[in-house]
Amino acid sequence: MTIAVLAVLVVLFFIFSSLYTDWLWFDQLGFLNVLTTQWVASTVMFFIGFIGMAVPVFVSIELAFRFRPVYAKLNPQLDRYQQVIEPLRRLAMYGIPAVLGLFAGVATSSRWQLALEWINGVPSGKVDPQFGLDISFYLFALPFYQAAAAFASAVVLISGIAALATSYLYGALRFNGREVRISRSARIQLATTGAVYLALQAVSIWLDQYSTLSSQTSSTLFEGASYADANAVIPGRQILAGIAAVVAILFVITAIVGRWRLPIIGTALLLVSGLLIGSVYPWIVQKFQVEPNVRTLEAPYIDRNIAATREAYGVAGVKEEPYSATTTAAQGALRNDAETTANIRIIDPALVSDSFAQLEQIKQYYQFAPHLDVDRYKIAGKSQDTVIAVRELNQANTGAQQSWYNNTLVYTHGYGVVAAYGNQRSSDGLPVFLESGIPSTGALGKFQPRIYFGEDSPTYAIVGAPKGGSKIELDYPAGDQGNNQNATTTFSGNGGPKLDSVFKKLIYAIKFQSEQIFLSNGVNNDSQILYNRKPVDRIQKVAPYLTLDSDPYPAVVDGKVVWIVDGYTTSANYPYSAIQQLSNAISDTYTPAPDFALDNINYIRNSVKATVDAYSGKVTLYAWDDKDPILKTWQKIFPSTVKPVSEMSAQLISHVRYPADLFKVQREILGTYHVTDSNTFYSSTDAWITPNDPVSDAATAKLQPPYYLTMKLPGSKQPAFSLYSTYIPNSKGVGTRNILTGYLAANADAGSTAGKIDSGYGKLTLLALPKQDTVPGPGQVQNNFNTDTAVANQLALLQRGDTKVKRGNLLTVPVGGGLLYVQPIYVESTAETSYPVLRKILVSFGEKIAFEDTLNAALDSLFGGDSGASAGDGGVVATPPATGTPTPTTPSTGTDATLKAALADVQSALTARAAALKSGDLSAYATADQALVTALNKVFALEK
């Protein structure tokens, strides 16, 4: 008994530790009401589920036992059953309901969000076209009613089974051949249970009529009630609900008069009616009335589906704008698009992470994300697209002993931001940095550079020390040739719960299963423990109702590095709206699809913009779409947790982007729902699809991701930071053509005024390409690049020996009255230390191709020697390897020796540069890098 009591106490203490650490974390972050609301709601729902299941089952068993026939003559088998069960009867009568109640309580406690949404649901102000009910009924009320009806039905069914078993065991229900005898008390109890169950089925069937508006039933053309649903399924369910209610009354009559014939016949009729009215009749209407006249009869219901889908996905105002794209590259064609041309991004954020690492990682215990982010900053008064990354900590590569002390107390944070101009390159093909180095220097001004909270931060760290105490956290490498001492620091923010008592140290030692937290003298009363350090994790905990964007991105805002994360409110219950699997809709080359997608939605809003301070971990939520009924509902549930947009600073507003995940969902919808005519929709003659990424492997091709660019769209007066994607015809098989049919762009620039969103932000522009002319799509253009003889010869020169060619993102830019394709070409060594270097730019306009060292030169070559505008790399004198088709020659002995000497100089420079990089000597690195350029130029000159 002592051991059992101690074991229970230990388990309870572990549970308490988990709950108390959650309390401390939410309290420190300022979102304690979120946790307490969840606790209260979950606890109330648990007891509702427990009592709702346990009490009816107990009462059912108790009544069946109490009113059993005392002198019933039982058969020998039942006598043996009673002898076995009787000693355990009392335990079973209380234990069985309690166990069932525990299961029910756990199940219902997880539905606390459903219950709170029902209680606090806010009207949307819009009604459905079939029943005229507010949309909020489908978003909040209907799911709760259906869940409650299902739970109640399960309770009554289990209670009925328990009563039936008890009655049989104690002789109230007996079978004698074909004769069934039942006692009066058992008859009343079972008949009453049956009446309640049938009444619940009547309610459930009645509710099911509303579900037809958010599912596919009779028609597979679209989601929502079709002609057959509106004229057969919905009336049929109303009739069936009435029949079920009548059968429930028949069971009540049986409880009174004792005749079972009527309810049995009624139940049989209900089953037959369910088959005939619920299935056969709708099939007859669909098969013989709708299908012969489908265009006419389904037209109004297709119109409902189109209107609801466009509204639910936020594309109701998008209209096709004809764009008569020319395919002739005329001289000076880009003169009117000079600003767009100057901002075309040639640095591919998916390829240059290794370049950032080799040039700016500085120490091996830092790292950059494999895919960098694109943002924009005001540089010298002009908006500049940038490729940006934070220098995060990589504990696995510290080079030091992998001890708890080092990993928890010393290596605690990353350091600094690295940003490069998106439209520039150096003469040797490397990014041109506008912010770099340790300590950080550049055009972004002064800001707190330490990254304690990031996408790759370790699980937890313990920071902080008394005033005047020794600093043990490694801050950044600061040593030189005569001093190997690194800079140290002590965290001074408010980033996590304090470990200011023995009890707190103990519970966190339990939470993270590390006795060192409790025993180490490095943990003091001024220490804070930082955990849940990933921005997405922190936001998800304080806003559990949000679906978060897959791509958080860093920005330097008001002297701090903050992570900006888009939050969505979603639902799968919007009437008549098309259903999408969210994770599949957003999957592309950069975002993998899950093995099993379980996130169906048919409504989405970018309702919240969230930020996480990379230094302090502070989470701030802003109501970006304050008209969204789901967000307004959750603001009632968690008051004061979401701030209005008016509290956003000008700098923060200037770094808000139109979210890529939302855009990908919308482009998926607009591929079909750009059509607003029901006849065209039905025939699918104008359906579009996003092309596969032409750069990816054909065997595992994924959709081409959307890209951020600053550009001026046709019809716009000013360029804007935008997000775009393209469309090709949605067709399969041999006749599939990769021609461009549409171009979708979103104004991703929220402006730069504090507390105010620019009126143009979020505007979607859909350019429809002419159906009569052929404009090459990304796949065709990539094929043209790959098969062009001159291009192939030059690529062969680049890809020889120990180098390989990497094709960058293929951008599509609407300029010059047509569509310009731009693709950077990188060259990377196959050696152990390698990173991609931008060597060439491929461009295409119509059927014409140009391939030059810089984008500026390529555009001039493409447009008859003068494009009429300058690109961002216009002033660069590139030093790539020799181009053109080589003429086979036999080098002389002297030339061969000179070439070998030049190659030896290249190797020597590479070795010196690698050594300087490893030691962190930036001066030596720059000297070695210049020596490498000189040596390479000698090699190229000799090869000519």
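Cut-off values and rules
- Residues numbered from 1 in each chain as written.
- Predicted model: local features only at pLDDT ≥ 70, side-chain atom pairs only at ≥ 80, totals over all residues.
- Heavy atoms only, no water.
- Buried < 20%, exposed > 50% of the residue type's maximum accessible area, 1.4 Å probe, protein only.
- Helix = DSSP H or I, 4+ residues; strand = E, 2+ residues; numbered from the N terminus.
- Pairing = 2+ DSSP bridges.
- Contact = heavy atoms within 4.5 Å.
- Axes fitted to C-alpha atoms, helices over the stretch in contact; angles between N-to-C directions.
- 1 Å grid on protein atoms, 1.4 Å probe; cavity = no way out; pocket = protein on both sides within 12 Å on 5 of 7 lines; lining within 4 Å.
- Points joined across faces, edges and corners; volume = space filled by probe spheres on them.
- Nonpolar A, V, L, I, M, F, W, Y, C, P; charged D, E, K, R; others polar.
- Salt bridge = Lys/Arg side-chain N within 4 Å of Asp/Glu carboxyl O.

### Things to note about the pairing of strand β32 (residues 820-829)
Part 1: Where burial is concerned, most of β32 is hidden: nine out of the ten residues are buried.
Part 2: In this structure, strand β30 (residues 803-807) lies alongside β32, joined through five bridges in antiparallel fashion. Bridging from a neighbouring strand, Thr803 pairs with Ser829 of β32.
Part 3: Judged from the three bridges that link them, strand β31 (residues 811-813) and β32 form a sheet pairing that is antiparallel. Within β32, the position partnered with Thr812 by the bridge is Tyr821.
Part 4: Hairpin remark: β31 followed by β32, antiparallel, with six residues in the connecting loop; positive phi at Gly816, about 65°.
Part 5: Here β32 pairs with strand β33 (residues 837-845) via eight bridges, running antiparallel. From the neighbouring strand, Val822 faces β33, where its bridge partner is Val843.

### Some words on the sheet that holds strand β9 (residues 417-421)
Part 1: Strand order in the open sheet made by the five strands is β5-β6-β9-β10-β11, with antiparallel pairing throughout. With partners counted over all chains shown, the strands left at the sheet margins are β5 (373-379) and β11 (441-442), one partner each.
Part 2: Both β5 and strand β6 (residues 382-390) contribute to a ladder of seven bridges, which runs antiparallel. When the bridges of β6 are listed, Val374 appears paired with Val387.
Part 3: Most of the contacts of helix α12 (residues 353-360) go to strand β10 (residues 433-436), to which it runs at about 55°, and overall it touches β6, β9 and β10.

### Examining empty space enclosed by the protein
Part 1: Tallying each qualifying case throughout the model produces four cavities of 30 Å³ or more.
Part 2: Contributing to the lining of the largest cavity are Phe368, Ala369, Asp373, Ile388, Ala389, Val390, Glu392, Glu455, Asp456, Pro554 and Trp563.
Part 3: In terms of residues, the lining of the largest cavity owes the most to one element, β6, which gives three residues.
Part 4: When its residues are assigned to classes, the lining of the largest cavity shows seven nonpolar, no polar and four charged.
Part 5: Size it by volume and the second largest cavity reaches roughly 50 Å³.
Part 6: Taken together, Thr326, Thr327, Val775, Pro776, Leu819, Tyr821 and Gly846 form the lining of the second largest cavity.

### A closer look at the pattern of salt bridges
Part 1: Inspection of the entire model under this criterion finds 18 salt bridges.
Part 2: In this structure, the salt-bridge partner of Lys771 is Asp686, at a minimum N-O distance of 3.9 Å. Of this pair, Lys771 sits in the loop between β29 (764-768) and α22 (778-787) while Asp686 sits in the loop between α21 (678-683) and β25 (688-689), and the two are 85 residues apart along the sequence.
Part 3: Judged by relative accessible area, Lys771 falls into the exposed class, the value being 63%.
Part 4: With its nearest N and O atoms 2.7 Å apart, the salt bridge here joins Asp853 to Lys840.

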